[in-house]
Amino acid sequence: MNKIIAGLFFVSLVYAVCFAAPSDTAQQTGLTVSGLSQNDFILLQTLDQNKPLRDQFGCAGVNLLTLNVQTPKSTAVKIEASSDFYLISGGYAQAVGRSSSYTLVAQADSSAAFILDIRKLYAAVMFPWADFSLGRQIISFGEGMVFSPIDVFSSVNVLDLAFKRHGSDVARVRVPLGDVSGLDAVAKLAENPQTSATAIKAYSHAGSFDIAGIGIYQGEQNEAICGLTFKGDLVAGVYGELVEHLMFSGNHAFTGMAGADYSIQNTWYFTAEYLYNQQAQANTGQAQLSPLQTNILLVHHHYGFVNARFVINDLMNVSAGAIADISAGSGILTGQYFYNFLQNADAILYLQYYPAATDGLLQLPVGIISYGTRLEVAF
């Protein structure tokens, strides 16, 4: 209980610092504040044939406050921070409490958990010849929305409706070599070389394509990675990643991702991705049904992602998508209805189905359906 009280005190302190001063004071200090409030109520149905229907249902709540602080656009310095404050209750709380992926977990019992996830907290200085940054950042070297085999610095929460990414503590140097070309070097700040990662990316533009060559050393996996990424327009937008893993043991393995997006008259939007992993491995992950799940391992040969969205009007749209572990016959199905009913206020109804699988994206002995409602307010 003391941890929860301390966490709530920290949230109150952040509120006081950010909102006690009027807006003109914020401008004088050179910082802007924005954020998002999300409140979800979820009905969970466990598809267990050994239970009567009335005993298959339970409730869960996910309350999220996101605070973003950054300096206005500047030619010299930049400070950016983004933190997610979660209060999770009901059926999700116990799985969240067992996770070690977050900055702070305070849990009085199995019915509620408070989590602080610091996604960004870094400072940068910009010179005409290079940009330097240090701290927690979200580094996306790849092009994939869901699958990005070249990306070793950030992980995707595949259970999140927006596929939110987790940050890494890194030092970064970006050197422009022209209007569309440059070098990008990143080093992950780690306690020892066994958990470190360093990378350098050279990028440019050719024809209608953005292309990049990337070299990575990953100490945790004891390997070097060479990759090529591309993104451009043909009939549809196409993108992909070609990655070769060179293990210091002498083995090597190829991983590739191909994706495409297409729209029809600004009404229908389609996205598809396919991931091939040459070297299949045993699934040793302990992925739980958690709204903050980011440690799902892609260890099988074939994975796929599809999504379709239909825009009803400027305020409403519906979408459906699926992430599939094709080799294991498991995945996640999602459908949602979005309604912008007031300025900066949205309502979302969504359904997610997780089939039973002991060796798939999630280790679930029985299938689960979640029926969710979300109120989202931006400020």
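Residues numbered from 1 in each chain as written. Predicted model: local features only at pLDDT ≥ 70, side-chain atom pairs only at ≥ 80, totals over all residues. Heavy atoms only, no water.

A word on the overall build of the protein
Step number 1: A tally of regular secondary structure across the protein gives three helices and 19 strands.
Step number 2: Buried residues in the protein amount to 42% of all 379 residues.
Step number 3: Restricting the contact set of the protein to residue pairs at least 6 apart, pairs at least 24 apart contribute 48%.
Step number 4: For the protein, the accessible surface area stands at approximately 19500 Å², while carbon and sulfur atoms represent 60% of it. (Helix = DSSP H or I, 4+ residues; strand = E, 2+ residues; numbered from the N terminus. Buried < 20%, exposed > 50% of the residue type's maximum accessible area, 1.4 Å probe, protein only. Contact = heavy atoms within 4.5 Å. Areas by Shrake-Rupley, 256 points an atom, 1.4 Å probe, with all protein chains shown as cover.)

Brief notes about the pattern of salt bridges
Step number 1: Summed over the entire model, instances satisfying the criterion amount to nine salt bridges.
Step number 2: The residue Glu80 makes a salt bridge to Lys120 at a minimum N-O spacing of 3.1 Å. Of this pair, Glu80 sits in strand S3 (residues 77–90) while Lys120 sits in strand S5 (residues 112–126), and the two are 40 residues apart along the sequence.
Step number 3: Given the relative accessible area of 12%, Glu80 is considered buried. (Salt bridge = Lys/Arg side-chain N within 4 Å of Asp/Glu carboxyl O.)

Things to note about the nonpolar core
Step number 1: Core analysis: the largest hydrophobic core is formed by 34 residues, its most contacted members being Tyr92, Phe147, Leu289, Ile323 and Tyr354.
Step number 2: Only strand S1 (32–47), strand S2 (57–70), S3, S5, strand S15 (302–311) and strand S18 (345–354) provide two or more residues apiece to this core. (Core = buried A, V, L, I, M, F, W, Y, C linked by side-chain atoms within 4.5 Å.)

Focus on the packing of aromatic side chains
Step number 1: For the structure on display, the rule yields 11 aromatic pairs.
Step number 2: The interplanar angle of 55° and the centroid separation of 6.4 Å between the aromatic rings of Phe209 and Phe230 together place this pair among those described as tilted. Placement of Phe209 in strand S10 (residues 209–218) and of Phe230 in strand S11 (residues 223–233) is noted, with a sequence separation of 21 residues between them.
Step number 3: Classification of Phe230 by relative accessible area gives partly exposed; the value is 25%.
Step number 4: Through pairs of rings, three or more aromatic residues link up here, namely Phe127, Trp129 and Phe132.
Step number 5: Over the face of the ring belonging to Tyr269 we find Arg309, whose NZ or CZ atom lies 4.5 Å from the ring centre. (Phe/Tyr/Trp six-rings, centres within 6.5 Å; stacked < 30°, edge-to-face > 60°. Lys NZ or Arg CZ within 6 Å of the ring centre and 35° of its normal.)

Description of unusual backbone geometry
Step number 1: Here Phe163, not a glycine, exhibits a phi torsion of approximately 55°, which is positive.
Step number 2: On the secondary structure map, Phe163 appears in the loop between strand S6 (131–137) and strand S7 (168–176).

A short note on the environment of Phe153
Step number 1: Relative to the helices and strands, Phe153 resides in the loop between S6 and S7.
Step number 2: You can call Phe153 buried: its relative accessible area is 2%.
Step number 3: When the C-alpha atoms of Phe153 and Ser168 are compared, they prove to be 6.0 Å apart, with 15 residues separating the residues in sequence.

Some words on the environment of Asp55
Step number 1: On the secondary structure map, Asp55 appears in the loop between S1 and S2.
Step number 2: Separated by 10 residues in the primary sequence, Asp55 and Gln45 place their C-alpha atoms 8.9 Å from one another.

Let's talk about a nonpolar patch on the surface
Step number 1: Nonpolar side chains collect at one region of the surface, where Leu234, Val235, Tyr262, Ile264, Trp268 and Phe270 lie side by side and expose about 610 Å² of accessible area between them.
Step number 2: Counting residues per element, the ones that place at least two in the nonpolar patch are strand S13 (252–264) and strand S14 (268–277).
Step number 3: Structurally, Phe270 can be placed in strand S14. (Patch = residues over 30% accessible without salt bridge, like charges linked within 9 Å, V, L, I, M, F, W, Y side chains within 5 Å.)

Here's the deal with the confidence of the model for the protein
A low pLDDT score tells you not to read the predicted coordinates there in detail.
Step number 1: When pLDDT is averaged along the protein, the result is 85, and 85% of the positions lie at 70 or above.
Step number 2: Contacts for the low-pLDDT stretch residues 1–28, under 50 throughout, to residues beyond four places or in other chains number 21 contacts. (pLDDT = per-residue confidence, 0-100.)

Some details on the pairing of S2
Step number 1: Strand direction decides the pairing type here: S1 and S2, joined by 14 bridges, are antiparallel. Within S2, the residue paired with Asn39 across the bridge is Asn63. (Pairing = 2+ DSSP bridges.)

Focus: the pairing of S11
Step number 1: Here S10 pairs with S11 via 10 bridges, running antiparallel. The residue bridging Gln218 from the neighbouring strand is Glu223, located in S11.
Step number 2: Hairpin connection of S10 to S11: four residues between the antiparallel strands, including Asn222 at a positive phi of 55°.
Step number 3: Looking at chain direction, S11 and strand S12 (residues 237–247) are connected through 11 bridges and run antiparallel. The partner of Ile225 across the bridge, within S12, is His245.
Step number 4: Linking S11 to S12, which pair antiparallel, is a turn of three residues.

Topic: the side chain of Thr66
Step number 1: By the element assignment, Thr66 lies in strand S2.
Step number 2: Of the polar contacts made by the side chain of Thr66, one reaches the side chain of Asp84; its length is 2.7 Å.
Step number 3: In this structure Thr66 touches Ser34, Gly35, Leu36, Ser82, Ser83, Asp84, Lys164 and Phe379, once residues within four positions along its chain are discounted. (Polar contact = N/O pair within 3.5 Å; in protein donor to acceptor, adjacent residues only side chain to side chain.)

Section: the environment of Phe57
Step number 1: The topology assignment puts Phe57 in strand S2.
Step number 2: Residue classification places Phe57 among the partly exposed residues on the basis of a relative accessible area of 37%.
Step number 3: Phe57 sits 12 residues away from Gln45 along the chain, and the two C-alpha atoms are 4.5 Å apart.
Step number 4: Discounting chain neighbours no more than four positions away, the residues touching Phe57 are Leu43, Leu44, Gln45 and Tyr371.

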